[in-house]
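Examining the three-dimensional arrangement
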Amino acid sequence: MKKPLLFLFMCVMGISLCAQPLINEFQPNAPGADPDPASIELKGVPGASFSGFISSIEADGSTAVVDRLSAVSGTFDDCGLAVVEVPDLENPSFTIVFSSDDPTVGAGTGTDLDTDDDGMIDNISVFGTVFDAIGIPDASNDEQFLVGAQLGGTDFMYTGDEPQRVFRTEDTEELVAVNDPVGNEVYRADGTTVPVSDLAFDPTTTNFGFKDGILPIELTYFNAKLTNDNQVELNWRTETEIDNDYIQIERARDGKSFEPIGKVQGAGTTLEAQVYTFIDEQPLKGANYYRLKQVDFNGTFEYHKVVVVSVNDDKVTNLFPTFVQDQLTVAADGFAQVSVFNEAGQLVKAFSINGTESLAVSDLAAGTYHVVIEQNGTRETKRFVKQ
């Protein structure tokens, strides 16, 4: 079965027939630097429009203070999915609420919804209709401050770490969570585990605006290199594409605050491999972080891997990807010594390379690592996150 037909079949099989929209997927604690804005995937009736408010209700040692608030609206696609953007989510503990009305009644963030501190929201009617509410703790003593169940939704139990991804399963729409750092366990709200072998997809992969197991594009590589005239050349290849309108190229100095610098038209729907190139004619001095934002014809989007290029006056080395699972690629101009240190400053890996080489780091524990690259009497330090 060709992928476009498989995609349509999965959409039909996975459509939610309930009239009330739900929160289908979000990242309470995204890997690496917190994205700003953050993405939340909603699920509803295909073709139906929606509008309302998404709020984050603080539960980190306190009760029911509105920490984030954003008005959202849109139309669900043929799969009944829509992706909305909200301000950078403060990490758990919190309750994410999708409601028809602004619970602060126009007062904005900082509004206390439990003024008598009895653990109960004073007036639930301020939310209007509560479409969905999900409480996420990052400590066991914060479970008492979650208000998802009060609002007719779900509160998760604390299972040892901050959840990295919360999503609904395709078959039963049961809410489950994957912790950060990523382990081999998927947790139900009651703290029991779901065997990963029971899932037909990678539970750690976030696919906003698309069904689990089917991606709008299959990205086989994304590389960045400095040209002889001090421009940065970005190259990527897709194996297949489904409804790919365009790719937006975004750049950041710090790996967090990304801004668009251009876009490349996509191939729509195709089973043929496509190769793309984009030139950043005026890169920043120092570190340049690049990422791809793939946008469908209906406006849904997905972020892809981040690569980084260092642009200095006299030397350039590349280290990518920033978030690593198995292979770390280091590009140097000739011979170089590469040393990898953990956060405690301990040497955990050492390599000698000549030019561009991929280095195995699959055996490293999850966490942040510093890479020291020594070449021709110069020394440069970079960073990556092992997932």
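Look a little higher up for the structure.
This text gives an overview of the structure that appears in the document. Since the structure is predicted, the reported quantities are computational estimates derived from the model, not experimental observations.

The rules behind each value
- Residues numbered from 1 in each chain as written.
- Predicted model: local features only at pLDDT ≥ 70, side-chain atom pairs only at ≥ 80, totals over all residues.
- Heavy atoms only, no water.
- Salt bridge = Lys/Arg side-chain N within 4 Å of Asp/Glu carboxyl O.
- Helix = DSSP H or I, 4+ residues; strand = E, 2+ residues; numbered from the N terminus.
- Phe/Tyr/Trp six-rings, centres within 6.5 Å; stacked < 30°, edge-to-face > 60°.
- Buried < 20%, exposed > 50% of the residue type's maximum accessible area, 1.4 Å probe, protein only.
- Lys NZ or Arg CZ within 6 Å of the ring centre and 35° of its normal.
- Pairing = 2+ DSSP bridges.
- Polar contact = N/O pair within 3.5 Å; in protein donor to acceptor, adjacent residues only side chain to side chain.

1. Quick look at the pattern of salt bridges
Counting across every chain of the model gives 12 salt bridges. A salt bridge links Lys 293 to Glu 85; the nearest nitrogen and oxygen atoms lie 3.9 Å apart. Of this pair, Lys 293 sits in strand 17 (residues 286-296) while Glu 85 sits in strand 5 (residues 81-86); the two residues are 208 residues apart in sequence, bridging distant segments of the chain. Taking the shortest distance from any N to any O, the salt bridge between Glu 174 and Arg 188 comes out at 3.1 Å. Residue Glu 174 is found in the loop between strand 9 (162-168) and strand 10 (175-180), and its partner Arg 188 is found in strand 11 (residues 186-188); the two are separated by 14 residues along the sequence. Here the salt bridges do not stand alone but share partners, grouping Asp 67, Arg 68 and Glu 90 into one network.

2. Concerning the packing of aromatic side chains
Enumeration according to the criterion identifies six aromatic pairs in this entry. Ring geometry for Phe 50 versus Phe 76: centroids 4.7 Å apart, planes at 35°, classification tilted. Here Phe 50 is found in strand 3 (residues 49-58), whereas its partner Phe 76 is found in the loop between strand 4 (65-75) and strand 5, with 26 residues between them in sequence. When the centroid spacing of 4.8 Å and the interplanar angle of 55° are considered together, the rings of Phe 98 and Phe 131 count as tilted. Remark: Phe 131 occurs in strand 7 (residues 130-136) and Phe 98 occurs in strand 6 (residues 94-99); sequence separation between them is 33 residues. What makes Phe 98 buried here is its relative accessible area of 0%. Residue class for Phe 131 comes out buried when judged on its relative accessible area of 15%. Site record: aromatic cluster; members linked through ring pairs are Phe 50, Phe 76, Phe 98 and Phe 131. Over the ring of Phe 167 we find Arg 165, and its NZ or CZ is 3.9 Å from the ring centre. The ring of Tyr 246 has Lys 263 lying over it, and the distance from NZ or CZ to the ring centre is 4.2 Å.

3. A look at unusual backbone geometry
That bond from Pro 92 to Ser 93 is cis: its omega, 20°, falls within 30 degrees of zero. Along the chain, Ser 93 falls in the loop between strand 5 and strand 6. Although it is not a glycine, Val 105 sits at a positive phi angle of roughly 55°. Mapped onto the elements, Val 105 comes out in the loop between strand 6 and strand 7. Its identity as a non-glycine residue notwithstanding, Asp 243 has a phi of 55°, on the positive side. By secondary structure assignment, the location of Asp 243 is in strand 14 (residues 232-252).

4. Considering the sheet that holds strand 4
Spatially, five strands are ordered 4-3-6-7-8 in an open sheet, and the strand pairing comes out mixed. Here the strands that pair on one side only, and so sit at the sheet edges, are strand 4 and strand 8 (154-155). Relative to strand 8, strand 7 runs parallel, the two being bridged by two bridges. Following the sheet pairing, Ile 134 is matched in strand 8 by Thr 154.

5. Notes on the side chain of Arg 165
One can find Arg 165 in strand 9. A distance of 3.0 Å separates a polar atom in the side chain of Arg 165 from a polar atom in the side chain of Glu 25.

6. Quick word on the pairing of strand 2 (residues 38-43)
Burial within strand 2 is extensive, with six of its six residues counted as buried. Going residue by residue along strand 2, you find Ala 38, Ile 40 and Leu 42 tucked away on one face and Ser 39, Glu 41 and Lys 43 tucked away on the opposite face as well. Alignment of strand 1 (residues 22-26) against strand 2, held across four bridges, turns out to be antiparallel. Within strand 2, the residue paired with Glu 25 across the bridge is Glu 41. The pairing of strand 2 with strand 5 spans six bridges and is antiparallel. The partner of Ser 39 across the bridge, within strand 5, is Glu 85.

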